[in-house]
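Examining the three-dimensional arrangement
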2 protein chains.
Amino acid sequence: MTMPSTPRPGGRSARIQAAVHQAVRELQKEQERAELTVPAIANRADVTPSTIYRRWGDLAQLLADVAIEQLQPDQPPADTGSLQGDLRAWLIEYFEEMSSAPGRAMLRDVLGTPGHANAGKCDGFLRQQIEAINERALARQEVPIDPEKVIQIVVAPLLYRILFANDTPTTQAVEALFERLTMPTKT
Amino acid sequence: MTMPSTPRPGGRSARIQAAVHQAVRELQKEQERAELTVPAIANRADVTPSTIYRRWGDLAQLLADVAIEQLQPDQPPADTGSLQGDLRAWLIEYFEEMSSAPGRAMLRDVLGTPGHANAGKCDGFLRQQIEAINERALARQEVPIDPEKVIQIVVAPLLYRILFANDTPTTQAVEALFERLTMPTKT
């Protein structure tokens, strides 16, 4: 079951989505994950459990939906004055977030659901942020960087460490991989 | 709740584990994932649902446990006569398996459970196979390769594509990353 990704603002559907998402975020802070149930979420959001099942299918899909909303960037990466500076600062911040307990839980929620839609959105958010950095670089007459290289050389190895090696990459670890990126030279 | 990783062979505990694992593998072939429930598994394995809950905690932990058992290599990588050949052949086979539907389901089961134990075992299996290749290389007087490099340069980017970009890496894609590995030269 899929839900419309952008319910009409102000409509009943949008109000239900907002109330249910808020209930999940509140309950996630208050209790252990194993205690998070659809009836408890429904009760907090003041909807019926069947409303949640009808709209999201199951708890896993609902949690993935909330995680995706939280992973969606709400602003472009900080402007430090150069492509290299922007990229370094954004990568350090991104991996601080992803290796935190809430970041790990979001990744788990996104990767634990069948189908590709949720994980694909994470990939899209990353590329969107790199593109924003590239657009600013172009405006500064800098040569943009290939987003695929950033993902292959820096992002993928760090996500592997977080996901498979339970590692919390330090700033130094992020910078060590960042140094492997050959920065485009000015034309 | 964690289960003993190696129950005493032949004991009641080992028999229950074998029956429940087999029931999961059978039901996974017969029906859609959403229909896979603890009562259905218990029924097929001829145990009570409470036996499953007591031992595995919940369905997600049981599925992760079955996935880990299937991901565990049952033999060392094929011997092709050289480090380079062994590594290339093993990587191509590994990514064929991981990008298949059952491979993706296993990764999802492993990454969707809280805690690091399951995902850490996947990392351990990978390193174990690279070490087996290295041991053979040493016996042939070849210089072994740093497993961390194999993971950073080849494994992590391909897993990223499978997990986040719903991509099925071709043999050519595996080989293109493989070419980036600087093979150690003979001493």
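Residues numbered from 1 in each chain as written. Chains lettered and ligands numbered in written order. Predicted model: local features only at pLDDT ≥ 70, side-chain atom pairs only at ≥ 80, totals over all residues. Heavy atoms only, no water.

Section: the UniProt feature "domain: HTH tetR-type" (unreviewed entry) in chain A
In this structure's numbering, the residues bearing the UniProt feature "domain: HTH tetR-type" (unreviewed entry) are residues 14–74 of chain A. Helix makes up 75% of residues 14–74 of chain A and strand makes up 0%, while its end C-alpha atoms are separated by 19 Å. (UniProt positions renumbered as here; feature names shortened; annotations may be inferred. Helix = DSSP H or I, 4+ residues; strand = E, 2+ residues; numbered from the N terminus.)

Thoughts on the packing of aromatic side chains
All told, the structure shown has six aromatic pairs over all chains when counted by the stated rule. Centre to centre, the rings of W90 of chain A and Y94 of chain A are 5.9 Å apart; their planes meet at 35°, and the pair counts as tilted. Residue W90 of chain A and its partner Y94 of chain A are located together in helix α5 (residues 83–98), separated by four residues, close to a single helical turn. Note on accessibility: W90 of chain A and Y94 of chain A belong to one class, buried. Their ring planes at 25° and their centres at 4.9 Å tell us that Y160 of chain B and F164 of chain B sit as a pair that is stacked. On the criterion of helical spacing, the pair formed by Y160 of chain B and F164 of chain B is a turn pair, its members being four residues apart in helix α8 (residues 147–164). Against the face of W56 of chain A rests R55 of chain A, its NZ or CZ located 5.2 Å from the ring centre. (Phe/Tyr/Trp six-rings, centres within 6.5 Å; stacked < 30°, edge-to-face > 60°. Buried < 20%, exposed > 50% of the residue type's maximum accessible area, 1.4 Å probe, protein only. Lys NZ or Arg CZ within 6 Å of the ring centre and 35° of its normal.)

Some words on the environment of A60 of chain B
All names here are of chain B. Relative to the elements of secondary structure, A60 occurs in helix α4 (residues 59–71). Looking at A60, the relative accessible area reads 35%, which means it is partly exposed. Separated by 22 residues in the primary sequence, A60 and V38 have C-alpha atoms spaced 9.9 Å apart.

Notes on the relation of the copies chain A and chain B
What relates the pair of chain copies is a rotation about an axis plus a shift along that axis. Once turned by 180° and shifted 0.0 Å along the axis, chain A lies on chain B with an RMSD of 0.0 Å. Overall, the copies show the geometry of a two-fold rotation axis. Relative to the rotation axis, the closest C-alpha in chain A is found at G112 of chain A, a distance of 1.9 Å. When the interface residues of chain A are mapped onto chain B, 100% of them again fall at the interface, so both copies present the same face. (Least-squares fit on C-alpha atoms with pLDDT ≥ 70 in both. Contact = heavy atoms within 4.5 Å.)

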